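Residue strings, one per chain:
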Amino acid sequence: MALLQISEPGQSLDPHQRRLAVGIDLGTTNSLVAALRHGVPECLPDAQGRVLLPSVVRYLDPSLGGPGREIGFAALAAQLQDPANTISSVKRLMGRTRAQVARVEKLPYRVLDLQDASMSAQPAAGMAVVQTVAGCKTPIEVSAEILAALRQRAEDSLGDDLFGAVITVPAYFDDAQRQATKDAAELAGLKVLRLINEPTAAAIAYGLDNGVEGIFAVYDLGGGTFDASILRLTRGVFEVMATGGDSALGGDDYDAALAAWVLAQQGLSAALTPTARAALQAEARRCKEALSSVDQADGSVLFGVDLDGHSVQQRVTPAQFEACTAALTERTMVSVRKVLRDAVLGKAQMQGVVLVGGATRMPQIRRTVCEFFGQAALTNLNPDEVVALGAAIQADALAGNSRRADSGDELLLLDVIPLSLGIEIMGGLVERIVPRNSTIPTALAQDFTTYQDGQTALTLHVLQGERDLVADCRSLARFVLRGIPPMAAGAARIRVTFTIDADGLLSVSAKEQGSGVQASIEVKPSYGLSDEQIAAMLKDSFVTAEQDMQARALIEARVDADRMIAATRSALAADADLLDPGEGEQIGHLIDALTQRQSSSDAAAIEAATESLAKGTEAFAAMRMNRSIRQALAGKKLEQI
Ligand code: ADP
Ligand code: MG
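Below you will find a few notes about this structure. Since this is a predicted model, take the numbers as computed values, not measurements. (Residues numbered from 1 in each chain as written. Chains lettered and ligands numbered in written order. Predicted model: local features only at pLDDT ≥ 70, side-chain atom pairs only at ≥ 80, totals over all residues. Heavy atoms only, no water.)

Attention now moves to unusual backbone geometry. With phi around 50 degrees, His 38 is a residue other than glycine that occupies positive phi space. In this structure, His 38 sits in the loop between strand 2 (30-37) and strand 3 (40-43). With a relative accessible area of 82%, His 38 lands in the exposed category. Positive phi outside glycine occurs at Ser 89, with the angle close to 50 degrees. For Ser 89, the location among the structural elements is in the loop between strand 7 (86-88) and helix 2 (98-104). Overall, the relative accessible area of 18% leaves Ser 89 in the buried class. (Helix = DSSP H or I, 4+ residues; strand = E, 2+ residues; numbered from the N terminus. Buried < 20%, exposed > 50% of the residue type's maximum accessible area, 1.4 Å probe, protein only.)

Before going further, it helps to spend a moment on the sheet that holds strand 23 (residues 442-448). Judged by pairing direction, the sheet is antiparallel, and its four strands sit side by side in the order 23-26-27-28 without closing on themselves. Strands with a single pairing partner mark the edges of an open sheet, and in this sheet they are strand 23 and strand 28 (518-523). Going from strand to strand, the sheet's axes swing by 15 degrees on average, the running direction of each strand aside. (Pairing = 2+ DSSP bridges. Axes fitted to C-alpha atoms, helices over the stretch in contact; angles between N-to-C directions.)

Turning our attention to the state of the cysteines. Across all of its chains, the model carries zero disulfides by this definition. Looking at the unpaired Cys 324, the closest cysteine sulfur is the one in Cys 287, lying at 9.4 Å. (Disulfide = S-S within 2.5 Å.)

A few words now on the nonpolar core. Ranked by size, the top nonpolar core spans 46 residues in total, and within it Tyr 219, Ile 230, Phe 303, Val 336 and Phe 373 carry the most contacts. With seven residues, the single largest contributor to this core is helix 6 (residues 251-265). Each of domain 1 (21-249 + 328-414) and domain 2 (251-327) accounts for three or more of the residues forming this core. Beyond its immediate chain neighbours, meaning those up to four positions away, Phe 373 contacts Ala 217, Val 336, Leu 340, Lys 347, Met 350 and Val 353. Listed in part, the 34 residues of the second largest apolar core include Ala 21, Ala 205, Val 354 and Leu 389. (Core = buried A, V, L, I, M, F, W, Y, C linked by side-chain atoms within 4.5 Å. Domains from an automatic or database assignment. Contact = heavy atoms within 4.5 Å.)

To continue, consider the pattern of salt bridges. Throughout the structure, instances matching the rule amount to 24 salt bridges. Between Asp 255 and Lys 288 there is a salt bridge, and its shortest N-O distance comes to 2.9 Å. Residue Asp 255 is located in helix 6, and its partner Lys 288 is located in helix 7 (residues 274-291); the two are separated by 33 residues in the primary sequence. The same class applies to Asp 255 as to Lys 288, namely buried. (Salt bridge = Lys/Arg side-chain N within 4 Å of Asp/Glu carboxyl O.)

Another point: the packing of helix 6 against helix 7. Axis separation between helix 6 and helix 7 bottoms out at 8 Å; the angle between their running directions is 105 degrees. By the angle class used here, helix 6 and helix 7 are roughly perpendicular. Where helix 6 abuts helix 7, its residues Gly 251, Tyr 254, Asp 255, Leu 258, Ala 259 and Leu 263 lie against Leu 280, Gln 281, Ala 284, Arg 285, Cys 287 and Lys 288. The residue makeup of the contact of helix 6 with helix 7, split by class, is seven nonpolar, two polar and three charged. (Parallel < 35°, antiparallel > 145°, perpendicular 65-115°, else oblique. Nonpolar A, V, L, I, M, F, W, Y, C, P; charged D, E, K, R; others polar.)

Along strand 27 (residues 506-512), the buried face is formed by Leu 506, Val 508, Ala 510 and Glu 512; none of Ser 507, Ser 509 and Lys 511, which line the opposite face, is buried. Where strand 26 (residues 494-500) lies against strand 27, seven bridges are found, and the strand directions are antiparallel. In the sheet register, Val 496 faces strand 27, and the bridge partner there is Ala 510. In terms of strand pairing, strand 27 meets strand 28 through six bridges, oriented antiparallel. Opposite Leu 506, over in strand 28, you have Val 523 as the bridge partner. The hairpin formed by strand 27 and strand 28 contains five residues between the paired strands, and Gly 516 there has a positive phi angle of roughly 85 degrees.

With that settled, the discussion passes to the site of ligand 1. Around ligand 1 sit 17 residues, and of these Thr 29, Asn 30, Lys 288, Glu 289 and Ser 292 come closest. In the environment of ligand 1, an oxygen atom lies 3.4 Å from a nitrogen or oxygen atom belonging to the backbone of Thr 28. Note that an oxygen atom of ligand 1 is positioned 3.0 Å from one of the backbone N or O atoms of Ala 359. Starting from 590 Å² of accessible surface for ligand 1 in isolation, the protein chains cover 90%. Elements supplying a minimum of two residues to the shell around ligand 1: helix 6 and helix 7. Counting residues domain by domain, the shell around ligand 1 receives three or more from each of domain 1 (21-249 + 328-414) and domain 2 (251-327). (Near = heavy atom within 4 Å. Polar contact = N/O pair within 3.5 Å; in protein donor to acceptor, adjacent residues only side chain to side chain. Areas by Shrake-Rupley, 256 points an atom, 1.4 Å probe, with all protein chains shown as cover.)

In this section: the packing of aromatic side chains. Scanning the entire structure with this criterion turns up three aromatic pairs. Taking the ring centre of Phe 372 as reference, the NZ or CZ of Lys 347 above it sits at 4.4 Å. (Phe/Tyr/Trp six-rings, centres within 6.5 Å; stacked < 30°, edge-to-face > 60°. Lys NZ or Arg CZ within 6 Å of the ring centre and 35° of its normal.)

Set out below in structure tokens:
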């Protein structure tokens, strides 16, 4: 497997030649930018000294003049007053269709698809766009606003133009979501040095890549998402062995659970005006965050809010908060156990555990994770900064300023793909070429052949998923290999190569080895899969594995039978004169018997009938062989042979 070498040893630049490169954590809730200063990664603050930038953009009515939009804290503050034009959690829309988003999300603004929206730049049909007072905006445009604000911040504090940026994405992001992230960066005028996975960035921030080897768990609880990943480090090479989580579980759910508990304590109903609901949520968040730093044994926080003129005052202890959110914490641990199973590892095999995401500041999370793994987690870096810090280290190395140059180490990075990739073969089956959780970048090839005599073109259908039948997998792309020289069925050798680059983007090529004709396609699916869909596809594949194997056996038996019948018929057409009438009739019966069996759903019976036909034609095949040898030798003298 090809490993990716990011920096050559011994190539160190003069300090004044350093290229400015930053790491960006483009989060669902908060985004950050970090850079190396004097060899140490630091998050860059805004003019008020805040490093977090809420990932929120508010569009203003253009007829009013002015800047047209607000980004970050200003936008967040206006969310209640102007929910329809204030876009939060836009990361959830990246690379998704409206239909995908509608099923999972309840968002306070209007999400349309392109049929409804009139826009100047037309993205692919069906993609989600957001309707605002300033017109329809694609998620890429909204994300670009956030990235541009971070770029501006970096150029202001570093005092120069940026060479490029490393941007982090969830390990679960598929091709479409990664591509959308890259497009957003480009729109923001940023050169993307690389997209890297968030857990990998966190591990780099902790310097885990300086060790020789080990397996690490990364537990990332953000505002609205939970991700669990298992990383393996071997001789400085990082690999994401498995990744999973829950895209609808985060710190916001802890706020909601606390708010519901307070309402219940006060005997209040949950039916509130939007203003009261927003005030309740904001107070719940404040109270939750404050509870992280009070004395866990006998501290408490006052939950105080005015709900539509009704004053609510409720003292909350850490124990009460923990009890009303215990089910959420348990849900994260269910995902952790699943990811360990996926990686075929036990919790005792983890050499370290990294906590990522602002919500892991909650003491109950730290305790639960620690108890589960039987060791304290790494927490000395700020959990909401750690991803950006790791991205900054990576960006610096990619820009050629490697701080490792002196030690002679190479920095290597590997990630995994979440679902298997393959192509369609005869009978509607999928041949897997890149198995799920394969490390990237990678290139894997497999040889195929033609099915029909004289076949000069072949359609390649690229699929994603764990199931054996094409109908149960997701179609990514189709392309045609033309110009294959006419040959007998089975004689052409077509090598199909899947290449996945370091950003997780796939290209597929097919080459007929004899003639050298080739065709290829770059796969940029126009829409992505949600985590739920990936999870559902995996679950389906486990549940139905047995059924799939039977279906596959049946299809293979039918394809073999077809092939046998076709071969026998073409032999009869050429050399029937070699047979007695009785023999010919006998073979005809065997063909009929097999043809009849073929429509049954009993794979073993079809195989048996195919076998009978093969046996019944053995003598005929031998006679044909002799004839062709005689013909070849005809007219030649013994010494010529
Ligand atoms: P994302 O990765 O989704 O952008 P972050 O990692 O920034 O999100 O996490 C945001 C979440 O962290 C919010 O739910 C926020 O309330 C929570 N959070 C931040 N600080 C604390 C704290 N001190 N205690 C508990 N939760 C916190
Ligand atoms: Mg995050």
